[in-house]
There are 2 protein chains.
Amino acid sequence: MARVFIAGGAHSKYIGKFHSDFIWKKHPDFGKKENPDLEWYLRESAVDALASVAATAAAVDKAFVGNFAGELFGKQGHLGAMLAAADPDLAGKPIWRVEGACASGGLAIAAAVDAIRAGSDVVLVVGAEVQNTENAKVGADYLARAAHYKRQRDIDPFTFPALFGIRAKAMVEQTEATMDDFARASAKAYSNANKNPLAHMTSYQMSFEMAALASDKNPVFLSNEAIKPYLRVSDCSQVSDGASAVVLCSEKGLERIGRELTQCSEIIASQVATASLTADPDPLCLENTITAAQRAYKEAGLSAYDVQVAEVHDCFTPNEVLMYEALGFAPAGQGALMLREGQTSLDGPLPVNTGGGLVGFGHPVGATGVKQVLEIYRQMKGQCGEYQLAKTPGIGLCANMGGDDRTTAIHLVRDLT
Amino acid sequence: MARVFIAGGAHSKYIGKFHSDFIWKKHPDFGKKENPDLEWYLRESAVDALASVAATAAAVDKAFVGNFAGELFGKQGHLGAMLAAADPDLAGKPIWRVEGACASGGLAIAAAVDAIRAGSDVVLVVGAEVQNTENAKVGADYLARAAHYKRQRDIDPFTFPALFGIRAKAMVEQTEATMDDFARASAKAYSNANKNPLAHMTSYQMSFEMAALASDKNPVFLSNEAIKPYLRVSDCSQVSDGASAVVLCSEKGLERIGRELTQCSEIIASQVATASLTADPDPLCLENTITAAQRAYKEAGLSAYDVQVAEVHDCFTPNEVLMYEALGFAPAGQGALMLREGQTSLDGPLPVNTGGGLVGFGHPVGATGVKQVLEIYRQMKGQCGEYQLAKTPGIGLCANMGGDDRTTAIHLVRDLT
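Reading the values: the criteria
Residues numbered from 1 in each chain as written. Chains lettered and ligands numbered in written order. Predicted model: local features only at pLDDT ≥ 70, side-chain atom pairs only at ≥ 80, totals over all residues. Heavy atoms only, no water. Helix = DSSP H or I, 4+ residues; strand = E, 2+ residues; numbered from the N terminus. Rg over C-alpha atoms; globule rule 2.2 N^0.38 Å. Contact = heavy atoms within 4.5 Å. Areas by Shrake-Rupley, 256 points an atom, 1.4 Å probe, with all protein chains shown as cover. Lys, Arg positive; Asp, Glu negative; His and termini not counted. Charge placed at Lys NZ, Arg CZ, Asp CG, Glu CD. Buried area = accessible area lost by both parts, 1.4 Å probe. Salt bridge = Lys/Arg side-chain N within 4 Å of Asp/Glu carboxyl O. Polar contact = N/O pair within 3.5 Å; in protein donor to acceptor, adjacent residues only side chain to side chain. Nonpolar A, V, L, I, M, F, W, Y, C, P; charged D, E, K, R; others polar. Buried < 20%, exposed > 50% of the residue type's maximum accessible area, 1.4 Å probe, protein only. Expected span 1.5 Å × (residues − 1). Phe/Tyr/Trp six-rings, centres within 6.5 Å; stacked < 30°, edge-to-face > 60°. Axes fitted to C-alpha atoms, helices over the stretch in contact; angles between N-to-C directions. Disulfide = S-S within 2.5 Å. Core = buried A, V, L, I, M, F, W, Y, C linked by side-chain atoms within 4.5 Å. Least-squares fit on C-alpha atoms with pLDDT ≥ 70 in both.

(A) Broad picture of the overall build of chain A. Counting its secondary structure elements, chain A contains 15 helices and 9 strands. Taking 2.2 N^0.38 as the reference for a compact globule, 417 residues should give roughly 22 Å; the C-alpha atoms of chain A span a radius of gyration of 20 Å, in line with that estimate. Each of the three principal axes of chain A carries a C-alpha extent, and together these read 55 × 50 × 40 Å. Within chain A, residue pairs in contact and separated by at least 24 positions form 76% of the contacts whose partners lie at least 6 positions apart. Summed over its atoms, the accessible surface of chain A is roughly 13,600 Å², and 51% of this surface lies on carbon and sulfur atoms. With 38 positive and 48 negative side-chain charges, chain A shows a separation of 2 Å between the mean positions of the two kinds.

(B) View of the interface of chain A and chain B. Counting from both sides, the interface comprises 56 residues of chain A and, opposite them, 56 residues of chain B. Both faces combined, the contact of chain A with chain B buries some 4,200 Å², and carbon together with sulfur accounts for 52% of it. For chain A, the biggest contributors to the area lost against chain B are H78(A), W96(A) and T274(A); these three give 17% of the whole. Between K62(B) and D114(A) there is a salt bridge, with the nearest N and O atoms lying 2.6 Å from each other. On the surface where chain A and chain B come into contact, there are 36 residue pairs in polar contact (both at pLDDT 80 or more). Of all elements in the fold, only α2 (70–73), α3 (79–83), β3 (95–99), α4 (104–117), α6 (149–152), β6 (265–274) and α11 (287–300) of chain A reach the threshold of two or more residues within the side of chain A that touches chain B. The biggest single contributor to the side of chain A that touches chain B is α4(A), with 6 residues. Taken together, the residues that form the side of chain A that touches chain B break down as 27 nonpolar, 15 polar and 14 charged.

(C) Highlighting unusual backbone geometry. Residue and element names in this part refer to chain B. With a phi angle near 55°, A54 is a residue other than glycine that sits in the positive phi range. Note on placement: A54 falls in the loop between α1 (38–52) and β2 (62–66). Exposure remark for A54: the relative accessible area of 67% places this residue in the exposed category. Phi is positive for D405, close to 60°, though the residue is something other than glycine. Considering the arrangement of structural elements, one finds D405 in the loop between β8 (395–402) and β9 (407–415).

(D) Region of the structure containing helix α8 (residues 179–193) of chain A. All names here are of chain A. The first and last C-alpha atoms of α8 sit 21 Å apart over 15 residues, in line with the 21 Å expected at 1.5 Å per residue. Taking burial as the measure, the 15 residues of α8 include 12 buried ones, the bulk of the element. The complete set of buried residues in α8 reads M179, D181, F182, A183, A185, S186, A187, K188, A189, Y190, N192 and A193. Where α8 is buried, its residues contact α7 (159–174), α9 (208–212), α12 (317–326), α13 (335–340) and α14 (357–360).

(E) Focus on the packing of aromatic side chains. Overall, the coordinates contain 16 aromatic pairs over all chains when judged by the stated rule. Measuring from ring centre to ring centre gives 5.4 Å for F158(B) and F221(B), while their planes differ by 85°; the resulting arrangement is edge-to-face. In this pair, F158(B) is assigned in the loop between α6 (149–152) and α7 (159–174) and F221(B) in the loop between α9 (208–212) and β5 (242–249), connecting sequence segments 63 residues apart. Taking 5.1 Å as the distance between ring centres and 25° as the angle between the ring planes, the aromatic pair formed by F164(B) and F316(B) counts as stacked. Placement of the pair is F164(B) in helix α7 and F316(B) in the loop between β7 (309–312) and α12 (317–326), with a sequence separation of 152 residues. Here F164(B) and F316(B) have matching classes, each one buried. A network of ring pairs unites the aromatic residues F18(A), Y190(A) and Y204(A) as a single cluster.

(F) Representation of the packing of helix α4 (residues 104–117) of chain B against helix α15 (residues 368–380) of chain B within the structure. Residues and elements named next belong to chain B. As a packed pair, α4 and α15 sit with axes 5 Å apart at the nearest point and diverge in direction by 65°. Counted together, G105, G106 and I109 of α4 and G369, V370 and V373 of α15 form the full contact between these two elements. Counted by class, the contact of α4 with α15 contains 3 nonpolar, 3 polar and no charged residues.

(G) Molecular detail of the state of the cysteines. Residue and element names in this part refer to chain A. Overall, the coordinates contain 0 disulfides over all chains when judged by the stated rule. Distance from the sulfur of C285, which forms no disulfide, to the nearest cysteine sulfur (C315) is 15 Å. This cysteine, C315, is not joined by any disulfide, and C102 carries the nearest cysteine sulfur, 6.9 Å off. The class of C315 is buried, set by a relative accessible area of 6%.

(H) Structural context of the nonpolar core. Within the largest apolar cluster, 122 residues are counted, with the highest numbers of intra-cluster contacts made by L327(A), F329(A), L327(B) and F329(B). For L327(B), the contacting residues outside a window of four places in its chain are T289(B), A293(B), Y297(B), A304(B), V312(B), L397(B), A399(B) and I410(B). Residues L248(A), W96(B), A115(B) and V373(B) belong to the second largest nonpolar core, which totals 62 residues.

(I) View of the relation of the copies chain A and chain B. For the pair chain A and chain B, the best superposition has an RMSD of 0.0 Å and corresponds to a rotation of 180° with a translation of 0.0 Å parallel to the axis. The relationship between the two copies is best expressed as a two-fold rotation axis. Most of the interface of chain A is mirrored in chain B, where 100% of its interface residues again form contacts.

Dropping the structure here:
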């Protein structure tokens, strides 16, 4: 079985509301300039990723695009052919677009791993999403297509926030977790993002006190009164536009592009699990994520104790807590204690979402799973600037989740420095 | 490199306007029953495909869904998790949805081939699409997202028919092809479909004379006057709902499900090429398809002369002619002669689209590429009933195309009887 290496990659800026580059009605460029579209993000991140490893597009054997909803937000599907427009030498290459809701990026990485194991040597993976073409209500309707639309659309105008509000309520009522713990997750995310020039929330600040208090500035917004108190705006990931791209290689591929092993990290486990969209999950447990994680640890011959840095899918702050438990970082019901004790902060023993995660860095849906893998790589290579960890991590984990724990892609990464 | 076998598979009925099962305003069940939705098609075809090889869902290692526009026509994305709902034993499996416009099915097959070459043993591939939830104008707008929407949407209310009308006009003006030749392709498609109980056009008849004459019953419908005369309704593939599924296996996979090699066909080449969505193609030539086909012939060590049966992407009849040329069945500019001479009819030396192709069998977009592979298998195994070829073919080719020759998946198949 071919080994799979992360040779390098690039993020675009992640932008949206509250980011100074994002053009909306109060922006000085409003009416003069448009925000970049999906075509721009695909091209920009692909070109930058190839440049980051000093490779030409001609060196690429295959490519994958992770995207959830281009045909909705941008009226554009057929995204493989859109990526082929990024460079004249990409034209003619075999390119797939893969979709698994918010796990689209992780699925793209996993497909690329299979492609290398099947004989490809240089594979480009681009995750991208543009969501700010529509207002929040329309966007929520689009995103609800990641749930079982016919059955779940009407639980709330904001379907996904409601699904995770249900989890938050159950957690507060039945486990160690409190609303303050969710606020701690939020404050950590913003604090990390404030150190990250690429993050959507690079300059917007969110203290623990502000996150903990539902207020006009940090409203609860669900219509369903029973769930409403359990989810504040500060608990939500961002509606971001952005892209992340990585170049994955076999050993032969590294030779082709002239990249040394020590410049790389290695993907030592790649696992996907998919649960039924018609089943309702246990609100206290990410069962499908547990399945994927257990397979990944087995594939790598590692356990949760070996993980030194992680990127987990904090689509909503309660999910960060559930992720700690599903990934084996904390016992069931006790994930929140890790936040309370600062264990997953930048200076803690197991830093999680060092660049800000989905809440702080942002969540351009299809980009997120690719971003996670690149973030682990960047921490391993000392490329994270102000949020660089003091101790370079040797083993990292990425957990990218689609829908309400319906698709999970787990990648374990080992540094080769 | 692991060998990849087609163990079996199943089609749903392909239905839509002019099919007796399709419920619309003149149907006796109108208002009482609904047409099946995407969830139904995914489940039905997956369950039937597994039954066709007497395998349980538990035996499946991985699965792929080919679908273009579920989030538009059915407000449903996250289709891997929807497939996981098809059988309790599919839950937890790794499942990807792949998209490449009308080549989504072929891309799903190609991804499954990579998965087997990467170590999976039993892979389920389901292609499905439901398009009849919307009227033709809305549908045309959705399908235009397979082109470069911003640049090409406004060439005509029916974007894709117009793109292929441009090709038809150039062909008629500059090559051997005539409008009568396109009518011959249409009449062949309907004639074959009339022998196929699963076909959308199983009972609707289209003679050469009717196809050749633009009339109230067979109108030209483009708004662009320059192109309008070059495309009649009879030249178009169908707006179908339907699904096709196949089970692909490694040799170990065949042992697991208890299937003999002689019950299988083998995929001996799997190639994808993707052209830039921002480039305008030569109207007389499917350059990207040529790229994919040449790679496939090279991979299999075969040439066009070895092909004994083919499934080609006749999204519009002129494209069937261009496919003959791109695949090397006929010299450039002379593909139409094959139709005139009956060479690709059921009793000709190289039968093409024996079950009716996209024009006659129908074109549920994401299903088509999967259907093609299964059709070749069924011809090899004598499963085609009234349209079974007299001489069992030993080598078959599938050419599945997305957009205006922007993504092409080519598969070469060898019988193992």
